[in-house]
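Working through the structure, step by step
Spelled out, the chains give:
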Amino acid sequence: MTITITAFERSPDGGKGLARDTRVRWALEEVGQPYQVRLVSFRAMKEPAHLALHPFGQIPTYEEGDLALFETGAIVFHIAERHAGLLPGDASARARAITWMFAALSTVEPPILELVTARLIESDRSWSAQRMPLVEDRVRVRLGQLSRRLGDADWLDGAFSAGDLMMASVLLRLRASGILDEFANLAAYVAHGEARPAYKRAFDAQLAVNTGKPPTG
Ligand code: GTB
């Protein structure tokens, strides 16, 4: 059955791969599932046809036959459950990999998004200079905890899993702030994710959309 996802017609990041369709593309590339992409404008995202797929008027969405999903956590989990390559066969290891997916989205991503908002949207407010160190420190606390858990391992729990895919995707958003590089093992962990052929294919595909150049690979 054909899989169709949605992505920005033009991502505000110009193709840095930070929009959330990249993590869905990455998951599909890891499991070797072909997919189509329907590009949507900001205006189209708020129109009834797209709102029927995504109640919050966002990308990405995922369609496969009668099934329509939104939320990257649910989408990546769905892909990982149905196709080999992103979740271990052992039941306990599988549960731990899923735990890392939730940790990425519920515990690590929120302070990072707070920082992104503080930098991009609130930096001209009178209170911004006072608040920024607090927001940055909340990110540092979380990254410190994650860094200690990762140690010198390649991945969070044994072999690469959907948990790593989600965690690396979440951490990527931090690179521009410089904070990721304060944690050498986390910076290496993200680079390790980016070096995966499946990530490169996903990145190139979104870059092609945003620059108009066809993927090289
Ligand atoms: N929790 C949802 C999920 O994980 O699927 C969040 C989805 C979401 O935030 N979608 C964003 C969106 O559609 C795009 S990814 N925004 C439009 C809107 O809300 O009207 C977030 C994003 C946007 C831009 C950049 N960037 O330019 O760097 C990075 C990430």
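Each remark here, short or long, concerns the structure printed above.
Reference entry: report on the structure contained in this document. Computed from a prediction, not measured in an experiment: that's the story for all the values here. (Residues numbered from 1 in each chain as written. Predicted model: local features only at pLDDT ≥ 70, side-chain atom pairs only at ≥ 80, totals over all residues. Heavy atoms only, no water.)

With that settled, consider the environment of Gly193. Note that Gly193 resides in helix α8 (residues 184–194). The class for Gly193 is buried, based on a relative accessible area of 0%. In sequence terms Gly193 and Asp154 are 39 residues apart; their C-alpha atoms lie 9.4 Å from each other. Among residues more than four places away in sequence, those in contact with Gly193 are Trp26, Trp155 and Tyr199. (Helix = DSSP H or I, 4+ residues; strand = E, 2+ residues; numbered from the N terminus. Buried < 20%, exposed > 50% of the residue type's maximum accessible area, 1.4 Å probe, protein only. Contact = heavy atoms within 4.5 Å.)

Here the focus is the sheet that holds strand β4 (residues 67–70). Here 4 strands make up an open sheet; going across it, the order is β2-β1-β3-β4 and the pairing mixed. The open sheet terminates on both sides in strands that have one partner only, identified here as β2 (36–40) and β4. Taken over all neighbouring pairs, the strand axes of this sheet differ in orientation by 20 degrees on average, direction set aside. Pairing of strand β1 (residues 3–8) with β2, which is carried by 5 bridges, proceeds in the parallel orientation. By the bridge assignment, Ala7 is partnered in β2 with Leu39. With respect to the sheet, helix α4 (residues 72–82) is in contact with β3 (61–64) and β4, its orientation differing from that of β4 by roughly 130 degrees. (Pairing = 2+ DSSP bridges. Axes fitted to C-alpha atoms, helices over the stretch in contact; angles between N-to-C directions.)

Quick look at empty space enclosed by the protein now. Evaluation of the coordinates by the stated rule reveals 3 cavities of 30 Å³ or more. Looking at the largest cavity, it is lined by 14 residues, and the ones nearest its centre are Gly17, Leu18, Ala19, Arg23 and Ser169. Put simply, the parts of the chain that give the lining of the largest cavity at least two residues each are α1 (21–31), α5 (91–120) and α7 (162–172). Across the lining of the largest cavity, the residue classes tally to 7 nonpolar, 3 polar and 4 charged. Taken together, domain 1 (3–85 + 198–211) and domain 2 (91–196) each give at least three residues to the lining of the largest cavity, which thus spans both. Empty space within the second largest cavity amounts to approximately 50 Å³. Along the walls of the second largest cavity sit 13 residues, with Phe8, Ser11, Asp21, Gln206 and Asn210 positioned nearest its centre. Counting only elements with at least two residues in the lining of the second largest cavity, the list comes to β1, α1 and α9 (197–211). Residue composition of the lining of the second largest cavity, grouped by class: 5 nonpolar, 5 polar and 3 charged. (1 Å grid on protein atoms, 1.4 Å probe; cavity = no way out; pocket = protein on both sides within 12 Å on 5 of 7 lines; lining within 4 Å. Points joined across faces, edges and corners; volume = space filled by probe spheres on them. Nonpolar A, V, L, I, M, F, W, Y, C, P; charged D, E, K, R; others polar. Domains from an automatic or database assignment.)

Attention shifts here to the environment of Ala27. Here Ala27 lies in helix α1. According to the relative accessible area criterion, Ala27 is buried, its value standing at 0%. For Ala27 and Ala80, which are 53 residues apart along the polypeptide, the C-alpha to C-alpha distance reads 7.5 Å.

Around the ligand, 14 residues are found, and the nearest of them are Arg20, Lys46, Ile59, Glu71 and Thr72. Backbone polar atom of Asp13 to an oxygen atom of the ligand: 3.0 Å apart, as the coordinates give it. Within the contact set of the ligand, an oxygen atom lies 3.1 Å away from a side-chain nitrogen or oxygen of Gln58. In a pocket analysis with a 2 Å cut-off to the grid points, the ligand is assigned to the largest pocket. Tallied by class, the residues present in the shell around the ligand amount to 7 nonpolar, 2 polar and 5 charged. (Near = heavy atom within 4 Å. Polar contact = N/O pair within 3.5 Å; in protein donor to acceptor, adjacent residues only side chain to side chain. Sits in = over half its atoms within 2 Å of the grid points.)

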